[in-house]
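# Residue-level structural notes
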Amino acid sequence: MLHCWFRLLIFLFYLVSLDYRLRSTKKMAATSKVEIIKDESVTEIPGIVAIGGNVLSATAVLGGQVVITGYVPDQQSHVTVINSEGSVLRQKTYKKPEGSIFRPYRRCDFLSTNSVVTMCESGQLGTYNLQEGTLIEEDINGLVDDVIEDWSPDRYISCIAADPVSSNVFVGTKSTSSAGLVSRDMLVFDQQLNYQRRLILPDAMRGSRDVVFHCGRLVICDHCTRNAYMVTMEGSEAELVFQFEKPELDGADWIPYKVCTDSHDYIYMLWESWGTDDWKAVLTQHSPDGRRLLKTIQVDGYSDAITTLRVDQDQEKLLVIAKNTARMYKFSLIPTQI
C-alpha cells in the first residue's frame, strides 16, 4: 500500500514539474521578440575627435561604460573608455612597433569584469586592464611561430572575440597575398592568451572581417566573399551551418563587416556598399537562430563599430558609432510579447 502511494506521489510530482517547464517555455517564447527603435538623440564623443582618432570597434563593460578602439595619425592606435553620455574617462595611444608592414588598426572585445581583450592588425594581441588602465600585449608572431609552421608573413590578425562561457579568445585572420587573398585560419587562445589550437574555416570562406560568439557557434563577417556565415567552433575544422540572408535595398550588393548580439540572442550586423559618390551602410536585425532577416535600417554611411549596452536591469541599447566623426547612435532594444 505504501509503495503504491509512493509511486502516486512521484507521478504527481512529475506532472507538476512538467507543467512548470511548459509554462516557463511559453513564457520565454512570449517575451522573445525584440523591437529595435532608433533614439532621436545623437551622442558626440569629442575626446576621440580631439586626437584625430577613428573608431573601429567597441565593447560594453560593467558600470555602463564602453571601451572603444581604433587608430590615430602617425601610425598609432588608441584605447578609449567612455561613459554612456560620450564623456572620455580614460584614453591612451600606442605606437605601432617598428618593422610591421600592417596598419595599427585596433579592435577589442569584453573578456572579464576587469579586462578587455584587444588585437592590432600590426601584430599585437593583449589584454587591457579596466581598473588600472594598462595594456599588456605580445607580438602575434612570437605566440604562434613555434606552433604554426606555415604562418606566412603576408597573413595578419583582423578581428577578435572572447567566448563568455569558456573565456577562450578567437582571433580571425586575413591575407594580403596576391594569390587569392585567402586566410581561413581562426586562432584560439585561452584567457591568459596561451595558444591552444587552430580552427580552419569552411572552404566557402576566404577571411574574417568580424566575429562574435552566438549560442555555442561563431558568426563571421567575410568581407572577401561579401557574405556572413554561422559555423561550428569545435575541433580543428569548422563546419558551415548556413549563410546569412543579405539585405535587399537600393539594388546594392551589401557587404557585411560588423556583428554583435543582444541579451536575447538576436543578431545585429552592419553592411556596407559604396558607389561613385559616397559610402552607404545598413543595420540588420536577425532572429536568434540567425535564419531570418527581420529588419533593415539605413544608418550613417561611416558606421564602423557596433555593440550592446545594458543601461539598467530592464533596458538595453544597441550602439552604432561612426568611424570618422565618433558620433554614437543609440537604438532601444525592447522585448515584447508575441
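Remember, it's a predicted structure, so these values are computed and weren't measured experimentally.

On to the overall build of the chain, then. Tallying secondary structure elements over the chain gives three helices and 24 strands in all. A burial count over the chain gives 51% of its 338 residues as buried. A sequence separation of at least 24 residues applies to 47% of the contacts in the chain between residues at least 6 apart. Surface exposure of the chain reaches about 16,800 Å², of which carbon and sulfur atoms provide 51%.

This part covers the pattern of salt bridges. Evaluation of the coordinates by the stated rule reveals 14 salt bridges. Of the charged contacts in the structure, one is a salt bridge between E137 and R106, with a shortest N-O distance of 3.2 Å. One end of the pair, E137, is in strand β9 (residues 134-139); the other, R106, is in strand β6 (residues 106-112), and 31 residues separate them in sequence. With relative accessibility at 29%, the residue E137 sits in the partly exposed group. Classification of R106 as buried rests on a relative accessible area of 1%. The partner of D203 in a salt bridge is R184, with the nearest N and O atoms 3.5 Å apart. Residue D203 is found in the loop between β13 (195-200) and β14 (210-214), and its partner R184 is found in the loop between β11 (169-175) and β12 (185-189); the two are separated by 19 residues along the sequence. Take D203: its relative accessible area is 66%, and that puts it in the exposed class. A residue is classified by how much of its surface remains accessible, and R184, at 26% relative accessible area, is partly exposed.

I36, Y268, L270, L283, I306, L318 and F331 are the most contacted members of the largest nonpolar core, which has 18 residues in total. Secondary structure elements with two or more residues in this core: β1 (33-44), β18 (255-261), β19 (267-274), β20 (279-286), β21 (293-299), β23 (315-322) and β24 (327-336). Beyond its immediate chain neighbours, meaning those up to four positions away, F331 contacts I36, I37, K38, D39, L283, I297, V299, E316, K317, L318 and V320. Counting residues in each nonpolar core, the second largest holds 17 residues, with M119, L125, V144 and V169 among its members.

Looking now at the packing of aromatic side chains. Aromatic rings in a pair are described by how distant their centres are and how their planes are angled relative to each other. Per the counting criterion, the structure on display carries six aromatic pairs. With centroids separated by 4.9 Å and ring planes inclined at 85°, the aromatic side chains of F170 and F213 adopt a geometry described as edge-to-face. On the criterion of sequence distance, the pair formed by F170 in strand β11 and F213 in strand β14 is long-range, its members being 43 residues apart. By relative accessible area, which is 11% here, F213 ends up buried.

Next up on the list: unusual backbone geometry. Although it is not a glycine, D250 sits at a positive phi angle of roughly 60°. Along the chain, D250 turns up in the loop between β17 (240-243) and β18. Note on D250: relative accessible area 52%, which makes it exposed. For A326, which is not glycine, the phi torsion reads 60° and is therefore positive. Looking at A326, the relative accessible area reads 1%, which means it is buried.

Our next topic: the sheet that holds β9. Pairing within the open sheet is antiparallel, and its four strands lie in the order β6-β7-β8-β9. The open sheet has two edge strands, β6 and β9, and neither has a second partner. Each adjacent strand pair in this sheet contributes to an overall mean axis angle of 20°, direction not counted.

Take the confidence of the model for the chain next. When pLDDT is averaged along the chain, the result is 87, and 87% of the positions lie at 70 or above. Taken as a whole, residues 1-31 scores under 50 in pLDDT and shows nine contacts with residues more than four places along the chain or in a different chain.

Once that is clear, we can look at the pairing of β14. Extensive coverage of β14 is indicated by the burial of five of its five residues. Residues D210, V212 and H214 of β14 are buried on one face, and the alternating residues V211 and F213, pointing to the opposite face, are buried as well. Pairing of β14 with strand β15 (residues 217-222), which is carried by five bridges, proceeds in the antiparallel orientation. Counted as the bridge partner of H214 is R217 from β15.

Looking now at the pairing of β24. As paired strands, β1 and β24 are joined by nine bridges and run antiparallel to one another. Note on β24: the bridge partner recorded for I36 is L333. Relative to β24, β23 runs antiparallel, the two sharing six bridges. From the neighbouring strand, I321 faces β24, where its bridge partner is M328. Here β23 folds back onto β24, and the loop between the two strands holds four residues, one of which, A326, carries a positive phi near 60°.

So, how was this worked out
- Residues numbered from 1 in each chain as written.
- Predicted model: local features only at pLDDT ≥ 70, side-chain atom pairs only at ≥ 80, totals over all residues.
- Heavy atoms only, no water.
- Helix = DSSP H or I, 4+ residues; strand = E, 2+ residues; numbered from the N terminus.
- Buried < 20%, exposed > 50% of the residue type's maximum accessible area, 1.4 Å probe, protein only.
- Contact = heavy atoms within 4.5 Å.
- Areas by Shrake-Rupley, 256 points an atom, 1.4 Å probe, with all protein chains shown as cover.
- Salt bridge = Lys/Arg side-chain N within 4 Å of Asp/Glu carboxyl O.
- Core = buried A, V, L, I, M, F, W, Y, C linked by side-chain atoms within 4.5 Å.
- Phe/Tyr/Trp six-rings, centres within 6.5 Å; stacked < 30°, edge-to-face > 60°.
- Pairing = 2+ DSSP bridges.
- Axes fitted to C-alpha atoms, helices over the stretch in contact; angles between N-to-C directions.
- pLDDT = per-residue confidence, 0-100.

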